Every structure is written in C-alpha cells, then in structure tokens.
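Residues per chain are reported as follows:
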Amino acid sequence: EKGGWPSFMAKEVSEGPEAVANTLRGRLTDHGVDLGELGVLDDEALRGIDRIVIVACGTAAYSGLVGKYAIETWSRVPVEVDLAHEFRYRDPVLDERTLVISISQSGETMDTKMAVEHAAAAGARTLSICNTQGATIPRQSEAVLYTHAGPEVAVASTKAFLAQVIGQLLFGLHLAKVRGTMTDEAIAEVVEELRELPDELRQVLAEQESVHELAHWMSDTRSVLFLGRHVGYPVAMEGALKLKEISYIHAEGFAGGELKHGPIALIEPGQVVFVVVPSPRNQALLHSKIISNIQEIRARGARVIAVAEAGDAAVLPYADVVLRVPLTLPMLEPVLQVVPLHIFALELATAKGLDVDQPRNLAKSVTVE
Ligand code: M6R
C-alpha cells in the first residue's frame, strides 16, 4: 500500500535510496564486486564474448544507454543499445560471442521477451537484468542479475531505473575485472563511490523544495526540452519521457552536441530547457561543452534549469535555476541527476490534478506487441 504517500509514484521515488542499497547488497566485497550468481556466464564465458547488445524498452532502454557508457569504458567490450522491438525485426548480427543483456523491471515486456528469444535462437549468450523474481524474461535467460528494488506499482518507472543502472555498473566492474581492463585500485574507487550513493540520494530527496515551486510555477507550460551529454544524454531523455507520460506535456530529450543539427530551431523566448550538467571537477571538457550549449540557447531567450553538482559555481551565471546533486564519479552521476527530474514530473502532474499512478493510455507492464 501507499504507506501515507499521496501516490505510489511518490512512495517509489522516496524508496530510491533503499532500492540502490538493495541492488548493491551482497555484491560488494572489500574492494571489488562479487557476482557469483552469474552461473554459466562464468569468467571463461565472459572472456569469450567480443560484443554486447543491450535490449530494452522505454525507461529500461535509457538505463541501458547509461550502462553502455560504463560497461564499454571499463571493460573495453563494444556495447550497443537497441530498442527491443527494433532489434527483433532487423535481423541483427548475432553469434555465440555476442552477449545480449535484456533489461526489464517487470520481466514480462513482450517486445523484450521476443528479443531475448530471438537472440537465444541465434546462439547468443543471454543475461537478464530484472526486478521481478521468477518473471518470464529471467527464466528464459542463461543468467540473471535481480535488481531487488522492491515492487514498483506506478506506471512511471522511477526507483527501478536507479536499480537498473546500478545492476549494469556492477556488471561492468565485474567484466572489467575478469578481462583485466581495470586496475584493482580503479575498481575499488568506484566501489567506494557506489557505497556512498544511498546516502547521497537521501540528500537529494531532502532538498527538493525548489522543484516543488518550479512545478507549480510551470503548470501551464506546453513544452519542455531536456539537454545532456555523455551519460547525461540518457538522463535528459528519461526526464522527457517521464514528463510526457504523466503530465501529458510535450517533452523531448536531446544530446547537447545535436543542438545545432536541428533542435535549436525549437528555441524561442520563454522555452524552458532542463540541462543535465556534468561535474566540472572530473569532466572539465564536457562541462565546458555544456556551458556553451547553455549560452547558445540562452542567447535565444530560453530559460535554463540546470541539474548540477553541488560545488559547481561556474554554472551559476548561466542558469535561471540550479538544482543541486552531490559530487560522485561520472558514471554514477545519472543515479543522482535523474531524481530531480522524476520529482519534477511528479510535481507537475500533481499540480495539474492528474492521476500520476495511472496515466491515460498506458499500462505498467506491456505484455502485447
Ligand atoms: O517492465 P519493463 O522495464 O520492461 O518496462 C519497459 C517500459 O515499458 C517502461 O520502462 C516504460 O517506459 C515506463 N512506463 C517508463 O516510465
């Protein structure tokens, strides 16, 4: 039940820290990661793959895009992300050296299930990252990493996204260790930062009063754009999807570098743009690129709401509003940055008097094609 919260979505957003802690539980050792549960996808099998394809839909696919950056960077195995329905119907190149990772909260999404069946029939190895114990997709996969985020009832997926990212980060570290592409020190550094995430998430949740005000001020808005680079790009698309789903406002997420290839034509005075800003401390180049993007859209009259790291003073002169998140490693930033966007969608839909748990036309689990 809702346990005193006005909606399941509000409750599930508040459960983010526990969801992340539960995904990490039992899988972190003193300085590394232990994924003994992978069974037949043992070290030898993981040394035998030369390519990874992540298949998923919706929010799970956006988590997969975050996973791509981390797994590829850490393990040096090329990773692509495909929407499960596009993958299934395009005759993808697959063999026993391809690992297909499916990501699904419910484990029952028909498109994703069919993609996994197709991959298995073509001889690819299969791993499921799933939140629902004993669901169809993990049962038809060779190995499974359960996210243990707890039941998610609201149609809009929130805490499950955080847990899906964590599951992939754990797998990426494991793969890097197995393939010898990361030093023990580098792995230990990420593990340290992963341990901090639940508390950092609590901090983010405790500081959302400004998002509440923002949502009320924006309840008549007809269109919102989201911009990000690197792992901030999938965060931007996830922020846009959530807003579409529950507040029925037109929203799009873009990669910062794409702006002048088209989307900047949409910018007119008053247009609100959320910008996901990487930390200047460990992503200086990307930070300067995103600041240039902000300058470009501000010069055309856009109002900028930045999601930025707590110590980032450089962003202040460029943004109308800054939503702060604690400092973490680049690959972990999405877990913190997405939370203000989830809360913004929730608050805006609430301000419009909409049913946030049961948005029109949508089902929690899409078990038809
Ligand atoms: O259960 P799944 O993770 O497979 O669901 C995938 C999508 O249908 C789901 O993430 C959908 O996009 C959500 N409603 C997003 O909030």
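Here the structure is a predicted model, which means the values were calculated and not measured. (Residues numbered from 1 in each chain as written. Predicted model: local features only at pLDDT ≥ 70, side-chain atom pairs only at ≥ 80, totals over all residues. Heavy atoms only, no water.)

## Here we look at the overall build of the protein chain
The criterion, for reference: Counting from the N terminus, the helices are the DSSP runs of H or I reaching at least four residues and the strands are the DSSP runs of E reaching at least two. To get the radius of gyration, use the C-alpha atoms; to get the globule rule, take the number of residues to the power 0.38 and multiply by 2.2 Å. Throughout this description, buried means an accessible area under 20% of the type-specific maximum (1.4 Å probe, protein chains only), exposed means over 50%, and partly exposed covers the range between. It only takes one pair of heavy atoms within 4.5 Å for two residues to be counted as in contact. Note on areas: Shrake-Rupley with a 1.4 Å probe; residue coverage comes only from the protein chains shown. When charges are tallied, Lys and Arg are placed among the positive residues and Asp and Glu among the negative ones, while His and the ends of the chain are skipped. Lys charges are placed at NZ, Arg charges at CZ, Asp charges at CG and Glu charges at CD.
In terms of regular secondary structure, the protein chain is built from 13 helices and 10 strands. What you see for the protein chain is a C-alpha radius of gyration of 20 Å, in line with the 21 Å of a compact globule of 369 residues. Within the span of the protein chain, comprising 369 residues, buried residues form 58% of the whole. Intrachain contacts of the protein chain at a sequence separation of at least 6 include 75% that bridge at least 24 residues. In the form shown here, the protein chain has an accessible surface area of approximately 14,500 Å², with 50% of it arising from carbon and sulfur atoms. Of the charged side chains in the protein chain, 33 are positive and 49 negative; the average position of the first set lies 3 Å away from that of the second.

## Description of the packing of aromatic side chains
Here is the rule: Side-chain rings of Phe, Tyr and Trp (the six-membered ring for Trp) are treated as a pair once their centres are within 6.5 Å; stacked means planes under 30 degrees apart, edge-to-face means over 60, and tilted covers the remaining angles.
Tallying each qualifying case throughout the model produces two aromatic pairs. An angle of 15° between the planes, with centres 5.0 Å apart, marks the rings of Phe226 and Phe274 as stacked. Taken as a pair, Phe226 in strand β6 (residues 223-228) and Phe274 in strand β8 (residues 272-276) lie far apart in primary sequence, 48 residues in all. The pair formed by Phe226 and Phe274 is uniform in burial state, with each residue classed as buried. Plain terms: the ring middles of Phe274 and Phe344 are 4.6 Å apart, the flat faces sit at 55° to each other, and that makes the pair tilted. Highlighted residues: Phe274 in strand β8 and Phe344 in helix α13 (residues 333-351), separated in sequence by 70 residues.

## So, helix α8 (residues 159-179)
We count it as follows: Expected span, for any helix, means 1.5 Å times one less than how many residues it has.
With 21 residues, α8 extends 30 Å between its outermost C-alpha atoms, agreeing within 8% with the 30 Å of an ideal straight helix rising 1.5 Å per residue. In terms of burial, α8 is a largely internal element, 19 of the 21 residues being buried. Looking one or two residues beyond α8, the residue adopting positive phi is Gly180, at roughly 70°.

## A closer look at the pattern of salt bridges
Formally: Within this document, salt bridges are pairs made up of a side-chain nitrogen of Lys or Arg and a carboxyl oxygen of Asp or Glu, the two lying within 4 Å of each other.
Applying the stated criterion to the full structure yields 19 salt bridges. The salt bridge involving Lys364 is made with Glu152; its shortest N-O contact spans 2.7 Å. Here Glu152 lies in the loop between β5 (143-146) and α8 and Lys364 lies in the segment after α13, a separation of 212 residues in the sequence. As a salt-bridge pair, Glu309 and Arg281 come within 2.4 Å of each other at their nearest N and O atoms. Taken together, the positions of Glu309 in strand β9 (residues 303-309) and Arg281 in the loop between β8 and α12 (284-298) put the pair 28 residues apart, joining distant regions of the chain. Relative accessible area serves as the criterion here: at 55%, Arg281 is assigned to the exposed category. Salt bridges sharing partners connect three or more residues here, namely Arg51, Glu80, Asp82 and Arg90.

## Structural notes on the sheet that holds strand β10 (residues 321-325)
Let me state the cut-off plainly: At least two DSSP bridges between two strands are required for those strands to pair. All axes here are fitted lines through C-alpha atoms, helices being fitted over the stretch that makes contact, and every angle between N-to-C directions spans 0 to 180 degrees.
Taken in spatial order, the five strands line up as β7-β6-β8-β9-β10 in an open sheet, and their pairing is parallel. Single-partner strands in this sheet number two, and they are β7 (250-255) and β10. On average, adjacent strands in this sheet sit at an angle of 20° to one another, irrespective of strand direction. The sheet contact formed by β6 and β7 spans six bridges and is parallel. What sits directly across from Phe226, in β7, is Gly253. Packing against the sheet, helix α11 (residues 232-247) makes contact with β6, β7 and β8, and its axis sits at approximately 175° to β7. Sheet contacts for α12: β6, β8 and β9; angle to β8, the most-contacted strand, approximately 175°.

## Here we look at the site of the ligand
Rule in force here: When we say a residue is near a molecule or strand, we mean one of its heavy atoms is within 4 Å of it. What qualifies as a polar contact is a pair of N or O atoms within 3.5 Å, subject to a donor-acceptor requirement within protein and to the restriction that residues adjacent in sequence count only when both atoms come from side chains.
Close to the ligand lie 14 residues; Ser104, Gln105, Ser106, Thr109 and Glu245 are nearest. For the ligand, an oxygen atom lies 2.6 Å from a polar atom in the side chain of Ser104. Between Ser106 and the ligand, the recorded distance is 2.7 Å, taken from a side-chain N or O atom to an oxygen atom. In the complex, 91% of the free accessible area of the ligand, which totals 410 Å², lies under the protein chains. If you list the elements that add at least two residues to the shell around the ligand, you get α4 (58-75) and α11.

## Considering the packing of α8 against α13
The geometry of a pair of packed helices is captured by two quantities: the angle between their axes and the separation between those axes. Put simply, the rule reads: Our angle categories are set so that under 35 degrees counts as roughly parallel, over 145 as roughly antiparallel, 65 to 115 as roughly perpendicular, and the remainder as oblique. It is the rotation of the near helix from the far one that decides the hand of a crossing: anticlockwise by less than a right angle makes it left-handed, clockwise makes it right-handed. Throughout this entry, Asp, Glu, Lys and Arg are counted as charged residues, while Ala, Val, Leu, Ile, Met, Phe, Trp, Tyr, Cys and Pro are counted as nonpolar. The remaining residues, Gly among them, count as polar.
For the pair α8 and α13, interaxial distance at closest approach is 10 Å and the crossing angle is 165°. Considering their axes alone, α8 and α13 lie roughly antiparallel with respect to each other. α13 is crossed by α8, and the crossing has right-handed handedness. Counted together, Phe161, Leu162, Val165 and Ile166 of α8 and Val335, Val338, Val339 and His342 of α13 form the full contact between these two elements. Of the residues belonging to the contact of α8 with α13, the class tally is seven nonpolar, one polar and no charged.

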